[in-house]
Amino acid sequence: MKGEERAMRFAGRKVVVMGGSRGIGLAIAMGFAAEGAAVAICARGAEALEVARREIAGHGGRVFAAPCDLAEAKQIARFVPEAAASLGGIDILVNNASGFGMTDDEAGWAASIGVDVMAVVRASHAALPFLEAAEGAAIVNIASISGLRASTRSLPYAAVKAAVINYTMSQAATLAPKRIRVNAISPGSIAFPGGLWEQRKETNPKLYEATLASIPFGRFGTAEEIAEVAMFLGSPAARWVTGQNIVVDGGQML
C-alpha cells in the first residue's frame, strides 16, 4: 500500500473509542485519526480528556470528546448516541476501558465486572443501531493475556478478561448476519507514561524486572503496537476476520 493511500485508509470512517484519554485507548484514537477517521473518545477525567482531544485534533479531522464514567449505564447510554450524532454515525466501536480490579474482594470484583464486562455489553448495545446502518462495521474489544491463564495477583481482572474473550466470540456469531465483525485483542504487558507498569517500576521493581525478563524480546510493548492491530481489525484488510482473539505480547505467553 502506498504511503498516501495508507494515510487515508479510514477517510470518511467514524470511530468511537470507549476510554480514550491515555495509553492504549489514546493510541488507538490517534492511529485512526492519523489515517483520516473522525473519532469520538470518552473518559472520566475532563482535564485529561481535553488534552487528548487537542492531540487527536492535531491530525485535522473531526473529534468529539465527552466525559463518561463507564461504570455507569446511564452515562454510556448518553455518550454513544451523542458521539454518533457528532460524527454522523458509527462504523467502528473500540471497547478499551478497564476497572483494573486486582483484589479478590467485593470491591475488586465490582470494579472489574462493572467496567471490563458490562461497559463492553452496554456500549455494544448502544452502538448497535448505528453499526447496523454502517457498511463494513466492526467492534474491537480490548482483553488481556491475563484472561488466557491463571492469575494469583489479579483474580477479578483475569476472570473478566476471559469473559470479554468469550463474549467476543458470541458477539461475532450473533452479529455476523448483520455483517458486523467482532474481534478482541489481548495485549501483554504494555508500558506507557502514567501507566500501570511505569508505576510498578517505582513501587514494585522486583515484579517489574521479573515481568520484563518473561518477555522474549526483552522489552515491554507499546500502546502504538496495540493500536496497529486494532486498526487492522477495523480495516477492510480484516473483512474476513471475526470472532478472533489476537494476542499481542512479544511472545510473553511463550
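The structure displayed is predicted, hence computed values, not measured ones. (Residues numbered from 1 in each chain as written. Predicted model: local features only at pLDDT ≥ 70, side-chain atom pairs only at ≥ 80, totals over all residues. Heavy atoms only, no water.)

Notes on empty space enclosed by the protein
If you walk through the whole model with that rule in mind, you get one cavity of 30 Å³ or more. Here the largest cavity is characterised by a volume of approximately 40 Å³. Met18, Leu70, Asn95, Asn96, Ala97, Val115, Ala119, Val120 and Ala123 together form the lining of the largest cavity. With four residues, the top contributor of residues to the lining of the largest cavity is helix α5 (residues 106-132). In terms of residue class, the lining of the largest cavity is built from seven nonpolar, two polar and no charged. (1 Å grid on protein atoms, 1.4 Å probe; cavity = no way out; pocket = protein on both sides within 12 Å on 5 of 7 lines; lining within 4 Å. Points joined across faces, edges and corners; volume = space filled by probe spheres on them. Helix = DSSP H or I, 4+ residues; strand = E, 2+ residues; numbered from the N terminus. Nonpolar A, V, L, I, M, F, W, Y, C, P; charged D, E, K, R; others polar.)

Some remarks on helix α3 (residues 46-57)
Compared with an ideal rise of 1.5 Å per residue, which puts twelve residues at 16 Å, α3 spans 16 Å between its outermost C-alpha atoms and is within 8% of the ideal. Looking only at α3, the buried set comprises Leu49, Ala52 and Ile56. On an axial view of α3, the arc spanned by its buried residues comes to 65°, and they lie on one face. Residues of α3 that are buried in the fold lie against α2 (23-34), β2 (38-43) and β3 (63-67). (Expected span 1.5 Å × (residues − 1). Buried < 20%, exposed > 50% of the residue type's maximum accessible area, 1.4 Å probe, protein only. Arc of directions from axis to C-beta. Contact = heavy atoms within 4.5 Å.)

Side note on the packing of aromatic side chains
Applying the stated rule across the entire model yields five aromatic pairs. Taken together, a centroid distance of 5.7 Å and an interplanar angle of 10° make the contact between Phe100 and Tyr157 stacked. Of this pair, Phe100 sits in the loop between β4 (92-95) and α5 while Tyr157 sits in helix α6 (residues 155-175), and the two are 57 residues apart along the sequence. A ring pair is formed by Tyr208 and Phe220, whose centres lie 4.8 Å apart and whose planes are at 35°; its orientation type is tilted. One end of the pair, Tyr208, is in helix α8 (residues 205-213); the other, Phe220, is in the loop between α8 and α9 (223-234), and twelve residues separate them in sequence. Judged by relative accessible area, which is 8%, Phe220 ranks as buried. A connected cluster of aromatic rings, assembled from ring pairs, spans Trp197, Tyr208 and Phe220. We note Arg200 situated over the ring of Trp197; from NZ or CZ to the ring centre the distance is 4.9 Å. (Phe/Tyr/Trp six-rings, centres within 6.5 Å; stacked < 30°, edge-to-face > 60°. Lys NZ or Arg CZ within 6 Å of the ring centre and 35° of its normal.)

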